[in-house]
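Reading the structure
The residues making up each chain are set out below.
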Amino acid sequence: MNNKWRYFIVMLLGVVMNEGLSNLAENYPVWLDVTGTAMVALVLEPAAGLIVGLINNFYIALFEYGQTTLIYYCVSAAVAVIAGNVVRNREGKITVKGVLFAIVLVIIVSTILSSALTIWQSGGISNAAFEQVKFNSFVAKGMHPYMACILTTLIVKIYDTIATAVIVGIVYIILPKKLKYDLQ
C-alpha cells in the first residue's frame, strides 16, 4: 500500500474515532476525544497525531464548546507526543512498561494542562456537565474552587486515559498490518 494512502486512512480513522467516541461519551465522566489522536501517534508518528488532534480541537471549538476551547489543543498535542514517543522502546517495540508509563504521564500532564486552562479561562468551572457536578460537590464541602477543579479533572483524566488506552489497544490489535507498518 502506498504510504500516503496509509497515512490518509489511519488519520481519517483517528478523526472518526475522536469525534465518534467523544459523542458517545457525552453522558459519561470521560471525554474520549483524544483516542484517535493517541492511536494515530502510536501507529504512524507523533506529527500525524498532532494533525488529528488539531482537527478534533477545531471541530470541538467550532461546533460544540466555543472558540475559546481551542486552547485545549495543548492537551491533544501532549497526548500525541507521549503516545508516539513513550509507548515503544528503543527498538520500536510496544512494551507494557511503556504503555503503563504513558498512561501515568498522560494522566499527570493532561490534568495539569486541563486544570490550568480551566482555571485561567473560567475560574475553574468546566463547561462539561459531568465535571460541573463533581466540581460543585467538592465546593459544597468547602474545597477551594481551584483545588476542586484540579481534583475533578484528575478523576476524569484517570477514567478517560484508562478507557482511551484500552480502546487504542483494541484498535491497534485489530488494525490490518498494512496499515500498522510501512511494508514497502
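Use the structure listed above.
Structure report, in brief. These figures come from a predicted structure and were not determined experimentally.

How each quantity is defined
- Residues numbered from 1 in each chain as written.
- Predicted model: local features only at pLDDT ≥ 70, side-chain atom pairs only at ≥ 80, totals over all residues.
- Heavy atoms only, no water.
- Axes fitted to C-alpha atoms, helices over the stretch in contact; angles between N-to-C directions.
- Helix = DSSP H or I, 4+ residues; strand = E, 2+ residues; numbered from the N terminus.
- Parallel < 35°, antiparallel > 145°, perpendicular 65-115°, else oblique.
- Left-handed = near helix turned anticlockwise from the far one by under 90°.
- Contact = heavy atoms within 4.5 Å.
- Nonpolar A, V, L, I, M, F, W, Y, C, P; charged D, E, K, R; others polar.
- Disulfide = S-S within 2.5 Å.
- Buried < 20%, exposed > 50% of the residue type's maximum accessible area, 1.4 Å probe, protein only.
- Core = buried A, V, L, I, M, F, W, Y, C linked by side-chain atoms within 4.5 Å.
- Expected span 1.5 Å × (residues − 1).
- Phe/Tyr/Trp six-rings, centres within 6.5 Å; stacked < 30°, edge-to-face > 60°.
- Lys NZ or Arg CZ within 6 Å of the ring centre and 35° of its normal.

Between two packed helices, what matters for the description is the angle formed by their axes and the separation of those axes. At their nearest, the axes of helix 1 (residues 3–24) and helix 2 (residues 35–43) sit 7 Å apart, and the two run at 155° to each other. As far as their axial angle goes, helix 2 and helix 1 are roughly antiparallel. Here helix 1 runs over helix 2; the crossing is right-handed. On helix 2, the residues touching R6, V10, M11, L13, G14, M17, N18 and L21 of helix 1 are T35, G36, T37, M39, V40 and V43. A class-by-class count of the residues in the contact of helix 1 with helix 2 yields 8 nonpolar, 5 polar and 1 charged.

Looking now at the state of the cysteines. Overall, the coordinates contain 0 disulfides when judged by the stated rule. This cysteine, C149, is not joined by any disulfide, and C74 carries the nearest cysteine sulfur, 13 Å off. Using a relative accessible area of 3% as the deciding quantity, one classes C149 as buried.

Here the focus is the nonpolar core. Grouped together as the largest cluster of nonpolar side chains are 30 residues, with contacts concentrated most on V10, M11, M39, V40, V43 and L44. When contributions to this core are tallied by element, the ones reaching two or more residues are helix 1, helix 2, helix 3 (46–63), helix 4 (73–86), helix 5 (96–122) and helix 7 (145–174). Among the elements that take part in this core, helix 2 stands out by supplying 6 residues, more than any other. With residues up to four places along the chain from it excluded, the contact list for V43 reads R6, V10, Y172, L175, L179 and K180.

The next point concerns helix 5. Counted at 1.5 Å a residue, the expected span for helix 5 with its 27 residues is 39 Å, and the 38 Å between its end C-alpha atoms agrees. By the burial criterion, the buried members of helix 5 are G98, A102, I103, V106, I107, S110, T111, S114, S115, L117, T118 and I119. Here the buried face of helix 5 lies against helix 4 and helix 7. Immediately beyond the C-terminal end of helix 5, within one or two residues, lies G123, with a positive phi of roughly 70°.

On to the packing of aromatic side chains. Summed over the entire model, instances satisfying the criterion amount to 4 aromatic pairs. Aromatic pair W5 and F8: ring centres 5.7 Å apart, planes at 90°, arrangement edge-to-face. With W5 and F8 both in helix 1 and 3 residues apart, this pair spans about one turn of that helix. The class of F8 is partly exposed, set by a relative accessible area of 46%. Consider the rings of Y59 and F63, whose centres lie 5.2 Å apart with planes at 45°: the pair is tilted. Separated by 4 residues within a single helix, Y59 and F63 lie in helix 3, roughly one turn from each other. According to the relative accessible area criterion, Y59 is partly exposed, its value standing at 31%. Residue class for F63 comes out exposed when judged on its relative accessible area of 60%. Pairwise contacts between aromatic rings join W31, Y65 and F130 into one cluster. One Lys or Arg, K180, reaches over the ring of Y172 and ends 4.5 Å from the middle of that ring.

Okay, the environment of K134 next. Within the fold, K134 resides in helix 6 (residues 129–140). Of the residues examined, K134 reaches a relative accessible area of 35% and is grouped as partly exposed. K134 sits 87 residues away from A47 along the chain, and the two C-alpha atoms are 34 Å apart. The contacts of K134, once residues within four sequence positions are left out, are T152 and I155.

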